[in-house]
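A structural walkthrough
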Amino acid sequence: MTTKGTPGRMVRIDDETWAEYGQLCDEEGTTRGDDLRRHAKKRVNAWKRKKAAEAADLTRRLLGPDAG
């Protein structure tokens, strides 16, 4: 458990990329952890929107254009 109450996760990234990613994040004023969390959240939100749109489209096709 981390100090912020979220579980730690392990990812495998080569040392050179990890070090350069740290430099990139420093220049952007963030941390690798914050950047990774934002990226994951953005991807999950996009996936949820896509799934909701697919479900709405399926509902429209099953119920017809006048249903809803």
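Quick look at the structure, then. (Residues numbered from 1 in each chain as written. Predicted model: local features only at pLDDT ≥ 70, side-chain atom pairs only at ≥ 80, totals over all residues. Heavy atoms only, no water.)

Once that is clear, we can look at the overall build of the protein chain. Each helix and strand counted, the protein chain has two helices and zero strands in total. C-alpha extents for the protein chain along the principal axes are approximately 55 × 25 × 25 Å. Taking all 68 residues of the protein chain together, the buried fraction comes to 7%. Of the roughly 6400 Å² of accessible surface on the protein chain, 55% is carried by carbon and sulfur atoms. Looking at the protein chain, you have 15 positive and 12 negative side-chain charges, and the mean spots of the two groups are 10 Å apart. (Helix = DSSP H or I, 4+ residues; strand = E, 2+ residues; numbered from the N terminus. Buried < 20%, exposed > 50% of the residue type's maximum accessible area, 1.4 Å probe, protein only. Areas by Shrake-Rupley, 256 points an atom, 1.4 Å probe, with all protein chains shown as cover. Lys, Arg positive; Asp, Glu negative; His and termini not counted. Charge placed at Lys NZ, Arg CZ, Asp CG, Glu CD.)

Attention now goes to helix H2 (residues 32–63). Because the α-helix completes a turn every 3.6 residues, residues three or four places apart line up on one side. Its 32 residues place the ends of H2 46 Å apart at the C-alpha level, agreeing with the 46 Å of an ideal helix rising 1.5 Å per residue. Gly64 occupies a position one or two residues after H2 and carries a positive phi of about 95°. (Expected span 1.5 Å × (residues − 1).)

Turning our eyes to something else, we now look at helix H1 (residues 15–28). Here H1 is 14 residues long and its end C-alpha atoms lie 20 Å apart, about the 20 Å a rise of 1.5 Å per residue gives. The set of residues buried in H1 consists of Tyr21, Gly22 and Cys25. The buried residues of H1 occupy an angular sector of 105° when the element is viewed end-on, so they sit on one face. Residues Glu16, Gln23, Asp26 and Glu27 are exposed on H1 and point more than 90 degrees away from its buried face. Each element contacted by the buried residues of H1 is listed here: H2. (Arc of directions from axis to C-beta. Contact = heavy atoms within 4.5 Å.)

A cluster of like negative charges, contributed by Asp14, Asp15, Glu16 and Glu20, occupies part of the molecular surface. Mapped onto the elements of the fold, Asp14 is located in the segment before H1. (Patch = residues over 30% accessible without salt bridge, like charges linked within 9 Å, V, L, I, M, F, W, Y side chains within 5 Å. Salt bridge = Lys/Arg side-chain N within 4 Å of Asp/Glu carboxyl O.)

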